[in-house]
Structure formats: structure tokens, C-alpha cells
Amino acid sequence: MASSFTRILSSKRNVGILSIVGLFTTGYTVSQSFCMVSRAQHAEYPDLRKHNNCMASNLTPAIYAKLCDKATPNGYTLDQAIQTGVDNPGHPFIKTVGLVAGDEESYEVFADLLDPVIKERHNGYDPQVMKHPTDLNATKIQSGVFDERYVLSSRVRTGRSIRGLSLPPACTRAERREVERVVVDALSGLKGDLTGKYYSLTLMTEQEQQQLIDDHFLFDKPVSPLLTCAGMARDWPDARGIWHNNEKTFLIWINEEDHTRVISMEKGGNMKRVFERFCRGLKEVERLIQERGWEFMWNERLGYILTCPSNLGTGLRAGVHVKLPRLSKDPRFSKILDSLRLQKRGTGGVDTAAVGGVFDISNLDRLGQSEVQLVQTVIDGVNYLIECEKRLEKGQDIKVPAPLKQFK
Amino acid sequence: MPFGNTHNKFKMSYAAEQEFPDLSQHNNHMAKILTPDMYAQLRDKETPSGFTLDDAIQTGVDNPGHPFIMTVGCVAGDEETYDVFKDLMDPVIEDRHGGYKPSDKHKTDLNAENLQGGDDLDPNYVLSSRVRTGRSIRGFCLPPHCSRGERRAIEQLSIEALDSLEGDLKGKYYALKNMTEEEQQQLIDDHFLFDKPVSPLLLASGMARDWPDARGIWHNDNKTFLVWVNEEDHLRVISMQKGGNMREVFTRFCTGLTKIEDLFKNRGHEFMWNEHLGYVLTCPSNLGTGLRAGVHVKLPNVSKHEKFGEILKRLRLQKRGTGGVDTAAVGGVFDISNADRLGFSEVELVQMVVDGVSLLVNMEKRLEAGEAIGDLMPEQK
């Protein structure tokens, strides 16, 4: 590994290191000079033997050699994309993705790695042959109001990226500020129940901060090494902020893990209304940015483009906080969730534990089904879970349902 | 590398003011010195390996600092950083190193014979003595910017050189990623093991990338000479032992360093060094000698004296807790070391520590006996 490298070095002792680079490069002023020396490419290949993430499972030395000297138009490289996966070997039980996109073109330039990662993460969705359906028509939703003796709150979130600006791992300060400017400008055009206000993280007052914390709206500088190793926390808190409507039912995070995260939520079980507002708000924001000459990153192969490959397609997580004290203790609980294509989390969000039998239940899938399909899946699934809970209350037995089809 | 925006080609389509970082809450040397004009002048430059101004300052932008402690706020990605970005680096160096000017020359002196005394610090007070420095291998990028291949090459070169050491310097290398549980426990017990950095000052500069690949610890069989490979610098070299014989520690330090340098030279490599900045290291605060010579010393009485801070300042010494930088003293035992790095030679700095600690121990003994120490107050060095 390093030995062939030192052979190159010692034989080129009198020649500057960069003239070696000059032999092999094509004129890019890219710092990954040693990566571009073909004999030393294996000296650059990361040690992934202890790793358990999708990048590590799919990045062969051959794919690395093929992609390591490529860069997207803004200069983003493979090494940068995989850094988070190299630095975070993962957990034997939880398989993280292990790479991020620095811009829209990352998904094309590094397709040889990203396509198999996407296929693995999204349960067989093949970006090379399949198309992703987008459907934000909330009128198609059926039975979207839950029994509020069980469902405490309903929420739908997604992300959107502004085409033409680099994503959080790679953006410069000016690009990030531009994202903030474009989005805040558009949001100021929202009317009616969507009228709201922007709170910049750098300028917010103590009172504003406390109010946002009490409302559970405030996001903080990421501490997860999965995010910090990808470079998304650079320059914090510059150009980061929170916008929400006066009714506190529609919320947008700016420049956290994505350009924007869009959240519709309310107490109680009216998921249909939450989703209706979600779709309406999203479409309105899209219209407003289009008026100003911008658009969202989207294509029919991958749907909406976001920083993490796990959030491609719809980027949508629709979920409820629901009381399932008996069902959650039943040994069939996990199997039932699997069949319904749902996942459970604690009420603090990802990587937290449930408290008092209250679970966060949401869709597992993101890509390959439309927004309407995924929300309907959550509605049907949560209704089924509530039925199970009620049956267990009465001492009746429950059944594990037949597994839902993967792609519709 | 190290960040996704290192070669972001869209940067230059924005005006410098749009890219200039918000440093209004910041207290570090970089933030004090970097003006919008300077940023505009330097932002499109890069070193031959592709390191940019934004790369250099990222750690200072991400870490506003503390009102009482002035951090540096920028790092070098390679030797040329100090040249290509001299408009920023020179004033930072001047600020940090007590007025050291761009025209000043730094003297290197690793001849331990030139040290006077130092072999008789009272071991009833001086519990241990230690000298450390860093070295960078010319031609490779520094930890914030190096690639995996470079880092592995540095490790390989270091192992080859260190394996050739003989006599009381003969030792063994322990790679962080291959270490057994027993080896790890032994290194912890010896206080030799270094861990993945947790300080945001280091993480934000990109030095912890690919951990623990190509990181390791070498030490001699006697456990008195230790080398860290690829932590905050290419090499950190440490000589240490219990007791107050700083002279012996420094002699081993100089001998070991000189031997290592020769071994590298035999293989066609040299250390980064120039007559203005001395030894070149990742952090501007470690330029010159990169040397910290210190003792763990019991000073329960002197440390409570109202003039303790002033005495240390005049002696050009600094205090730390026995856990190292940013820790507190425990049981009246302090880590006392030289405050300077650049503008004084290695011998001069160790001499200051030897003379200064000697004086502090005398003061401690006087105060123990209930006597005054007014006549022992030193002049400003």
C-alpha cells in the first residue's frame, strides 16, 4: 500500500512532488494530487474493514480508482463525499448511508457508487431503470383523521434544495447566504394561514430563542459526527434560521442538514389536514421561488434531490405520536411494523427511546413511491395499529398483516 | 480536501464581501487580523497542493473562542501556507509570538551541552520532567489537508526511521488500528496513548479525518522517548522521566531528534524548517522550536501567593494542570513550562525552565519555612 507510494517518492526525489501530479492530471487545480497517481491509487483507498455502512459495502477498489480523479462542476470529489462514511464506521445493528452529495451533479458524476448505494438503502429501487413518482395532491387521501384517544400529534416533513447552489457539505458562505436570501424572500410572500416570520439564528433575541425552544421548533448546531464529518456545520450559525407561520403549524428550517426542511404539524390526529397544508405550502413556496427565477432540484430518476441519499425521492417522513402501550409490548410488534412498512422511533426523534408507551410511527420508505402513497401507507398502517391496541385492550388477539408491496 | 468547499468553483462568482465570514462574536488571532480587504486579496489564492485561505481559517470561523483565552484561529495545510498567506500569517505570528517580525531570524540549537545545570532539580518537589516538540516531513501536506496516501506514507517513513534507532532508544511502534487490548491498556497506564481529538479546535480543521488510519505511537523499551505519528502534527517527539533531571531528559531529546533527522535524511527526506520560522508545524503557535519543556512540580504555597502570576510572567513560564492544556492543577501540583516557542532557541527555552523552576522551588521552600520571598523576585526576562 504505502510501499509503492514511497517507491514513487524516493525515485522522484529530485523532482518536486507536484511534477508527479503533472504527469497524470488533466489541469484541474485539485488538491487530491496523490489520488491522481494511478499506481498510488490504492494507497488512497480507505480502510473500510471495520465499517458497516452502505458506502463501505459498495465502494470497491475498482470503483474508487475509477471515480477518485473525477469532480463535479463545482469541484466536489469522491473523497469529500465519502469522508463521513470513512470517519464513522457505524454500528453493527444500524446501517448508516456513509456518504453525502455536495451538489446535484454528485448523483451523476459518482453514479457508479451512488446507484448501488441507493438501491441498497431504498430496498431495491434501481435508479438506472426506474422512475420516481411525485404526487402532492392531498385530495386523494382517505380516512386521514385518527382516533385522538391514541394519536397525540401528526406531522409531515420533507426537504427541498435550491437548484444551482451547492448543498450543505460543499457550499460556500456566500452560497449558503444566497439560499437563506432566496428562501426567506419567497416565504415572505406566503399569505392567509401560512403568513409567518423568519428568525435568523445569528440575530434571534433571548426571548425569541426561548419561545422557539418551548414550541419545540429550535434546531441546534449538529453534534452527530455523521453530520459534522460531512462538513455541514461549517460557519455555524451563519445563514441558518427558522421560519414558521403565525399559527405554528408550518415550519421551515434553513441551512441545517439540507437547504430547507419543510414541516407541517399539529396536535391531534388530523393527518389529512396536516398533509393538505404541507402540499399547499410546498407548492406555494415553489411558485414563489419560480417567480424569482429559481427552482427545486428534482429529476424523474431520483425525485427531489437532498444531501443524504436516504432522503431522495419524496424526502418525506409522515408520522404520528401514538399511544401503544400494549401493542408495543407484544412480541409481534416489530413484525407488524415491518409488514406495514412503518418504523418506530422515540418521541425525541431519530435515535431516541419511547417514553410512556408513546411512539413516533412513520413511513420507512422515501423513494419509489409518491408522497400521496406514502402518507396513505402511514394512515392505513396507524389505523391498523390502533385497531390492534383496541383489540388487546379487550383481550382479543391480533394478527400480523401480510406485507405490503415494495413499489406500487 | 479537507472540506467540500475547498475548490468550490462558484466561490469566485460571489463578491468578497458576500463570502467574508461573520467574525463579530469572535476572539482569536485570525479574527482580530483578517480584514475584508485582506480576505479579498487572498481568497482566490491557493498553495501548490490546493490549500486555500478558507481552509486555513475554517477552525477560527467555527470556534469563536473565549473572552479569556486567545486561540490562534488558523492552521497550515502545508509548508507553503505560511508563504502564500503570509499577509495573514505574519501578523498572526507577530501577535502570538510577542512581536516576532517578518524579518526576524530564529535560532535553532539542539546541542544539549550548551545547557547549564538542570540535573539537580529537587525531586521532592519536581515529580517529573518532560520535553516535547513536533516535526513535519517536507514535501507532504500537514494533518489538516493531507490525503490518506500521504498520511500512510508519513507513517511508513516514520516506522522505518524509528525502527533503526539503537541502544537506549531502541523501541517499538503501535499502530492505533492494530493495537491489541493489552497493548492499549499498557499505553494508557503509561500515559502514552493519545485518542481521537475531541476538541472542536482540532476537529474543525480537518485533522481527525480517516481516524485511526495511519496513526500510532512509538516508544523506546525504557519508556523515556516517545513519538506520536499523525496526531496534530506529522510527528510529536517526547522525552520524559520521573524526577528532576531535566538535563538528562533534554540530552536524550536532542540525541534522539538528531538521530531521527539523520535517518530521514538518509532516506531522502528532511524536516520542514527555514531560518525565519524555524521548524514548521500545523499550528502557528508551535513554530520555531515547537518546544514545550516542563515539569510537574509541587507548589502549594507559591501558587497561592498573590504574585504567582506575575512571577511566572517574568520568568516567561506558564502553568497548566497536570492533565495538560486546559486542565486544572490538583493537590498543588502544577505543570510549569516555557511560554515561548519562537524567537528563542531550544537551549534557551530549556534554560529558562530549569532556572525558573529552580527559583520557584526555592520560593516554595522559603514559604514552607514561613519566610518571605521578596528578595527572590525575578526581573522580567
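Every residue gets a number counted from 1 within its own chain, in the order that chain's sequence is written. Chain labels run from A onward and ligand labels from 1 onward, assigned in the order the entries are written. Reporting of local features is limited, given that this is a predicted model, to residues whose pLDDT is at least 70; pairs of side-chain atoms are given and counted only at 80 or more, and all residues count toward the totals for whole chains, interfaces and linings. Just so you know, side-chain values use all the structure's heavy atoms and leave hydrogens and water out.

Caption draft 1: Broad picture of the overall build of chain A. Regarding its fold elements, chain A presents 14 helices and 10 strands. Three exposure classes are used, based on accessible area relative to the maximum for each residue type with a 1.4 Å probe and protein chains only: buried under 20%, partly exposed in between, and exposed over 50%. Counting every position in chain A, which comprises 408 residues, the buried fraction comes to 59%. By sequence separation, contacts in chain A at least 24 residues apart represent 74% of the contacts at least 6 residues apart. Note that accessible areas follow from Shrake-Rupley with a 1.4 Å probe, and for residues the cover is restricted to the protein chains shown. Of the roughly 16800 Å² of accessible surface on chain A, a fraction of 53% belongs to carbon and sulfur atoms. Only DSSP runs of H or I with at least four residues qualify as helices, and only runs of E with at least two residues qualify as strands; both kinds are numbered from the N terminus onward. Residue contacts follow a heavy-atom distance rule, with two residues in contact if any of their heavy atoms lie within 4.5 Å.

Caption draft 2: Up close: the packing of helix α13 (residues 333-340) of chain A against helix α14 (residues 371-393) of chain A. Residues and elements named next belong to chain A. Interaxial distance between α13 and α14 falls to 10 Å at its minimum, and their mutual angle equals 155 degrees. The angle between α13 and α14 falls in the class roughly antiparallel. Seen along the crossing, α13 lies across α14 with a hand that is right-handed. Between α13 and α14, the residues in contact are F333, I336, L337 and L340 and T377, G381, Y384 and L385, respectively. Among the residues forming the contact of α13 with α14, the class breakdown is 6 nonpolar, 2 polar and no charged. For every element, the axis is a line fit to its C-alpha atoms; helices are fit only across the contacting stretch, and the angle between N-to-C directions ranges from 0 to 180 degrees. Orientation categories follow fixed angle ranges, with anything under 35 degrees roughly parallel, anything over 145 roughly antiparallel, 65 to 115 roughly perpendicular, and all other angles oblique. Two helices that cross are described as forming a left-handed crossing if the nearer one is turned anticlockwise from the farther one by less than a right angle, and a right-handed crossing if clockwise. Think of it as three bins: nonpolar holds Ala, Val, Leu, Ile, Met, Phe, Trp, Tyr, Cys and Pro, charged holds Asp, Glu, Lys and Arg, and polar takes everything else, Gly as well.

Caption draft 3: Structural view of the domain arrangement of chain A. Residues and elements named next belong to chain A. How far each domain reaches was decided by an automatic or database domain assignment. On domain assignment, one finds that chain A holds domain 1 (45-122) and domain 2 (138-319). Each of domain 1 and domain 2 has a C-alpha centre, and the two are 26 Å apart. Counting from both sides, the interface comprises 21 residues of domain 1 and, opposite them, 22 residues of domain 2. Buried area adds together the accessible area that both of two parts lose upon being put together, with accessible area traced by a 1.4 Å probe. When domain 1 packs against domain 2, the two sides together hide about 1700 Å² of surface, and 59% of this comes from carbon and sulfur. The term salt bridge refers to a pairing of a side-chain nitrogen on Lys or Arg with a carboxyl oxygen on Asp or Glu at a separation within 4 Å. Counting every contact that joins domain 1 to domain 2 gives 3 salt bridges. In this structure, E108 and R301 form a salt bridge, with 3.4 Å as the shortest nitrogen-oxygen distance. Think of a polar contact as two N or O atoms within 3.5 Å of one another; within protein, one of them needs to be a possible hydrogen donor and the other a possible acceptor, and neighboring residues in sequence only count if both atoms come from side chains. Remark: the boundary between domain 1 and domain 2 carries 11 residue pairs in polar contact (both at pLDDT 80 or more). Secondary-structure elements contributing two or more residues to the side of domain 1 that touches domain 2 are α6 (78-87), α7 (106-109) and α8 (111-121). For the side of domain 1 that touches domain 2, the element with the most residues is α8, which contributes 4 residues. Class assignment for the residues of the side of domain 1 that touches domain 2 results in 8 nonpolar, 7 polar and 6 charged.

Caption draft 4: Fine view of the side chain of S239 of chain B. Residues and elements named next belong to chain B. Summarising the element assignment, S239 is placed in strand β5 (residues 235-242). Side-chain polar atoms of S239 contact the backbone oxygen of V249, separated by 2.8 Å. S239 has contacts with S129, R130, V131, T224, F225, V249, R252 and F253, leaving out every residue within four places of it along the chain.

Caption draft 5: Summary view of the interface of chain A and chain B. Contact residues are listed per partner, giving 50 residues for chain A and 45 residues for chain B. With both sides pooled, the region where chain A packs onto chain B buries about 3800 Å², and carbon together with sulfur makes up 49% of that total. Between chain A and chain B we count 3 salt bridges in total. Between R148 of chain B and D79 of chain A there is a salt bridge whose closest N-O contact spans 2.6 Å. If you look at where chain A meets chain B, you find 25 residue pairs in polar contact (both at pLDDT 80 or more). Contributions of two or more residues to the side of chain A that touches chain B are made by α1 (2-11), α2 (17-24), α3 (41-44), α6 and α9 (173-187) of chain A. Along the lines of polarity and charge, the residues of the side of chain A that touches chain B split into 24 nonpolar, 11 polar and 15 charged.

Caption draft 6: Layout of the packing of aromatic side chains. Two rings belonging to Phe, Tyr or Trp (six-membered ring only in the last case) form a pair when the distance between their centres is within 6.5 Å. Interplanar angles under 30 degrees mark stacking, angles over 60 mark edge-to-face geometry, and anything in between is tilted. Counting across every chain of the model gives 13 aromatic pairs over all chains. Measuring from ring centre to ring centre gives 5.7 Å for Y45 of chain A and Y64 of chain A, while their planes differ by 80 degrees; the resulting arrangement is edge-to-face. Of this pair, Y45 of chain A sits in the loop between α3 and α4 (54-58) while Y64 of chain A sits in helix α5 (residues 61-67), and the two are 19 residues apart along the sequence. Here Y64 of chain A falls in the buried class, since its relative accessible area comes to 1%. Measuring from ring centre to ring centre gives 6.0 Å for F250 of chain B and F253 of chain B, while their planes differ by 20 degrees; the resulting arrangement is stacked. Taken together, the positions of F250 of chain B and F253 of chain B, both in helix α10 (residues 246-266) and 3 residues apart, correspond to about one turn of that helix. For the pair F250 of chain B and F253 of chain B, one class covers both residues: buried.

Caption draft 7: View of the environment of V237 of chain B. Residue and element names in this part refer to chain B. On the secondary structure map, V237 appears in strand β5. When the C-alpha atoms of V237 and G134 are compared, they prove to be 5.8 Å apart, with 103 residues separating the residues in sequence. If sequence neighbours within four positions are ignored, V237 has contacts with V131, R132, T133, F225, L226, V227, F253 and L257.

Caption draft 8: Quick look at the domain arrangement of chain B. Residue and element names in this part refer to chain B. Here chain B is partitioned into domain 1 (5-97) and domain 2 (112-369). Counting from both sides, the interface comprises 21 residues of domain 1 and, opposite them, 23 residues of domain 2. Ranking the residues of domain 1 by area buried against domain 2 places E79, Y82 and H97 at the top, with a combined share of 35%. The interface formed by domain 1 and domain 2 holds 1 salt bridge in total. Salt-bridge contacts for E79 lead to R138; the nearest nitrogen and oxygen are separated by 2.6 Å. Between domain 1 and domain 2 we count 9 residue pairs in polar contact (both at pLDDT 80 or more) in total. The element contributing the most residues to the side of domain 1 that touches domain 2 is helix α6 (residues 86-96), with 4 residues. Here the residues of the side of domain 1 that touches domain 2 are counted per class, giving 8 nonpolar, 8 polar and 5 charged.

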